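# Structural overview for review
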Amino acid sequence: MSIDLSKIDTDALNELFNIGLHRAAASLSELTGQRIVVDLPRLWICPIDEMQPRLTRLLDGELATVHQIFRGPVAGDAMLVLEYEKAALLTGLMTEGAVALGGRLDQSAREVLAEVGNIILSACLSAFGDMLKVSVTFSVPRIQVELLEELLRSLVVDMQDLQYALVAATQFRLSEAEVGGYLIVAVGMSSLSLITRALAARVA
């Protein structure tokens, strides 16, 4: 049994992610004292086993990832994924150069990135919870520096029922620069079915 991904209302899903990212941008702006905009340029849904060839064309080298396991009627693994150099740039920009000196993700930079990931992932997952009218609980965010292959392998090992990924390209816009990254929400069939039905009801 599988889900026909072509029938999922991606416009409604886009709107949902945008709600979460708008909330996250407001929180990040308040936290840093800077105007930070988080955009959603594009979004797609695919089986997890099809992610590697698509992401290999988009991501290169070491990645800095923030994972957040979420549980409830909808469960899975959400993550913020940035190329290492972009993660260092982003944390440096957000702290006006106080961390990530020399372009390295030092301990302070990792703490900043973990907080950024926590804010963005929690805001997006809360938007899903609001739509579904269910409570979603989150684990403490876990930051990793890993290659794409390691990221995908950990997804399959950590939660074996994960089958689908909602992948959202995102763009952080600050006064000095723009930094691109990806949000990945990996879920199983039952969770995606719930999301699909709720999206359909939302626009009915």
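Counting restarts for each chain, with residues numbered from 1 along the sequence as it is written. The predicted origin of the model limits local features to residues at a pLDDT of at least 70 and limits the giving and counting of side-chain atom pairs to 80 or more, whereas totals for whole chains, interfaces and linings rest on all residues. Computation of side-chain values covers all heavy atoms of the structure but excludes hydrogens and water.

## Side note on the pattern of salt bridges
- We count a salt bridge whenever a side-chain nitrogen from Lys or Arg sits within 4 Å of a carboxyl oxygen from Asp or Glu. In the structure shown here, the tally under the stated rule is three salt bridges.
- In this structure, Arg23 engages Asp130 in a salt bridge whose closest nitrogen and oxygen atoms are separated by 3.2 Å. Remark: Asp130 occurs in helix α4 (residues 107-132) and Arg23 occurs in helix α1 (residues 10-32); sequence separation between them is 107 residues. Runs of H or I in DSSP of at least four residues are treated as helices and runs of E of at least two as strands, each being numbered from the N terminus.

## Some words on the packing of α1 against α4
- Interaxial angles span 0 to 180 degrees and are taken between N-to-C directions of axes, which are lines fitted to C-alpha atoms, for helices over the stretch in contact. At a minimum axis separation of 8 Å, α1 and α4 run at an interaxial angle of 140 degrees. With respect to α4, the element α1 is oriented oblique. With respect to the hand of their crossing, α1 and α4 are arranged in right-handed fashion. Listed contacts from α4 to Leu13, Leu16, Phe17, Ile19, Gly20, Leu21, Arg23, Ala24, Ser27, Leu28 and Leu31 of α1 are Glu115, Val116, Ile119, Ile120, Ala123, Cys124, Ser126, Ala127, Phe128, Asp130 and Met131.
- Polar here means any residue outside two lists: the nonpolar Ala, Val, Leu, Ile, Met, Phe, Trp, Tyr, Cys and Pro, and the charged Asp, Glu, Lys and Arg; Gly therefore counts as polar. Classifying every residue of the contact of α1 with α4 gives 16 nonpolar, three polar and three charged. For classification, angles of less than 35 degrees are called roughly parallel, those exceeding 145 degrees roughly antiparallel, those between 65 and 115 degrees roughly perpendicular, and all remaining angles oblique. Crossing handedness follows the turn of the near helix against the far one: under a right angle anticlockwise gives a left-handed crossing, and clockwise gives a right-handed one. A contact between two residues is defined here by any heavy atoms of the two lying within 4.5 Å.

## Observations concerning unusual backbone geometry
- Backbone geometry places Glu96, a non-glycine residue, at a positive phi of 55 degrees.
- You can see Glu96 is positioned in the loop between α3 (84-94) and α4.
- We classify Glu96 as exposed; its relative accessible area is 68%.
- Even without being glycine, Ala100 reaches a positive phi, approximately 60 degrees.
- On the secondary structure map, Ala100 appears in the loop between α3 and α4.
- The exposure class assigned to Ala100 is buried, which follows from its relative accessible area of 8%. Burial classes follow relative accessibility: with a 1.4 Å probe on protein chains only, a residue under 20% of its type's maximum area counts as buried, one over 50% as exposed, and anything between as partly exposed.

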